[in-house]
Amino acid sequence: DSLIHTTLYTKPSDTHAYLNPNSCHPKHVCTNIPQGVAKRIKRICSEESEYLKHKLSHSQHFVHRGYNLDFITTEFNKCDNLDRLDLIGDPEISFTVESKECGRRIPLVLDFHPSFAGATRAVNKHKHLLDLDDSLKDVVSKDKIFVT
């Protein structure tokens, strides 16, 4: 046939050194990595057999890095029923700078440390103080600030 078939390529030197699940990162970081990898494999592999082959090999890589097999299986299985074309996206959709500006939010980015767990709560508790300063409330809306 005249179709182009795609599959995942990894360099022979790739060690698949995914972030250790016991590292000092927010829990959601470690739990989102397997699902992101599964979606990437699903997007790249045009043939279902290739997707299944790479899904299995990458599941094993995660287990070798210390991830729980049941968790990995669950995360990878979430991609099984996803449509590959939906994951690729519509090439006709383009975003302009103007369209992104409408809902612009301001991130408060902090280095991660387990002792900063209350930072989000503290910022949200005191956001109302922005309204007390006339020069700030015109520039920064308290509803637009979020902690990452």
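Above: the structure in question.
Below is a summary of the structure that appears in this document.

Points about the overall build of the protein
For step 1, the next point in the chain: Scanning the protein from terminus to terminus reveals seven helices and two strands.
For step 2, the next point in the chain: Ordered by position from N to C terminus, the α and β elements of the protein give α-α-α-α-α-β-α-α-β.
For step 3, the next point in the chain: Expressed as a percentage of its 148 residues, the buried residues of the protein come to 19%.
For step 4, the next point in the chain: Restricting to contacts in the protein with at least 6 residues of sequence separation, those with at least 24 account for 70%.
For step 5, the next point in the chain: For the protein, the accessible surface area stands at approximately 10900 Å², while carbon and sulfur atoms represent 56% of it.

Some words on the packing of aromatic side chains
For step 1, the next point in the chain: Counted under the stated rule, the structure contains three aromatic pairs.
For step 2, the next point in the chain: Each ring, one from Tyr18 and one from Phe62, has its centre 4.2 Å from the other, and the planes form 10 degrees; the classification is stacked. Highlighted residues: Tyr18 in the segment before helix H1 (27–44) and Phe62 in helix H2 (residues 48–64), separated in sequence by 44 residues.
For step 3, the next point in the chain: Classification of Tyr18 as buried rests on a relative accessible area of 15%.
For step 4, the next point in the chain: A relative accessible area of 0% means that Phe62 is categorised as buried.
For step 5, the next point in the chain: Ring centres 5.1 Å apart and planes at 85 degrees place the aromatic pair Phe62 and Tyr67 in the edge-to-face group. The pair Phe62 / Tyr67 is uniform in exposure class, with both members buried.

Section: a nonpolar patch on the surface
For step 1, the next point in the chain: On the surface, Leu108, Leu110 and Phe116 cluster together to form a nonpolar patch covering roughly 240 Å² of accessible area.
For step 2, the next point in the chain: Mapped onto the secondary structure, Leu110 falls in the loop between strand E1 (106–108) and helix H6 (119–126).

With respect to the pattern of salt bridges
For step 1, the next point in the chain: This structure, assessed with the given rule, holds four salt bridges.
For step 2, the next point in the chain: Here Lys55 and Asp80 are joined by a salt bridge, their closest N and O atoms 2.9 Å apart. Taken together, the positions of Lys55 in helix H2 and Asp80 in the loop between helix H3 (69–77) and helix H4 (84–88) put the pair 25 residues apart, joining distant regions of the chain.
For step 3, the next point in the chain: According to the relative accessible area criterion, Asp80 is partly exposed, its value standing at 26%.
For step 4, the next point in the chain: For the salt bridge of Lys78 with Glu75, the shortest nitrogen-to-oxygen distance reads 3.0 Å.
For step 5, the next point in the chain: Of the residues examined, Lys78 reaches a relative accessible area of 45% and is grouped as partly exposed.

Things to note about the packing of H1 against H2
For step 1, the next point in the chain: Viewed as axis vectors pointing N to C, H1 and H2 meet at an angle of 155 degrees, and their least axial separation amounts to 9 Å. One way to sum up the angle between H1 and H2 is to call them roughly antiparallel. In the packing of H1 onto H2, the handedness of the crossing is right-handed. Between H1, through Ile33, Pro34, Val37, Ala38, Ile41 and Lys42, and H2, the contact on the second element is made entirely by Glu48, Tyr51, His54, Lys55, His58 and Phe62.

Describing unusual backbone geometry
For step 1, the next point in the chain: Residue His16 is not a glycine yet carries a positive backbone phi of 50 degrees.
For step 2, the next point in the chain: Counting through the fold element by element, His16 comes out in the segment before H1.

About the thresholds
- Residues numbered from 1 in each chain as written.
- Predicted model: local features only at pLDDT ≥ 70, side-chain atom pairs only at ≥ 80, totals over all residues.
- Heavy atoms only, no water.
- Helix = DSSP H or I, 4+ residues; strand = E, 2+ residues; numbered from the N terminus.
- Buried < 20%, exposed > 50% of the residue type's maximum accessible area, 1.4 Å probe, protein only.
- Contact = heavy atoms within 4.5 Å.
- Areas by Shrake-Rupley, 256 points an atom, 1.4 Å probe, with all protein chains shown as cover.
- Phe/Tyr/Trp six-rings, centres within 6.5 Å; stacked < 30°, edge-to-face > 60°.
- Patch = residues over 30% accessible without salt bridge, like charges linked within 9 Å, V, L, I, M, F, W, Y side chains within 5 Å.
- Salt bridge = Lys/Arg side-chain N within 4 Å of Asp/Glu carboxyl O.
- Axes fitted to C-alpha atoms, helices over the stretch in contact; angles between N-to-C directions.
- Parallel < 35°, antiparallel > 145°, perpendicular 65-115°, else oblique.
- Left-handed = near helix turned anticlockwise from the far one by under 90°.

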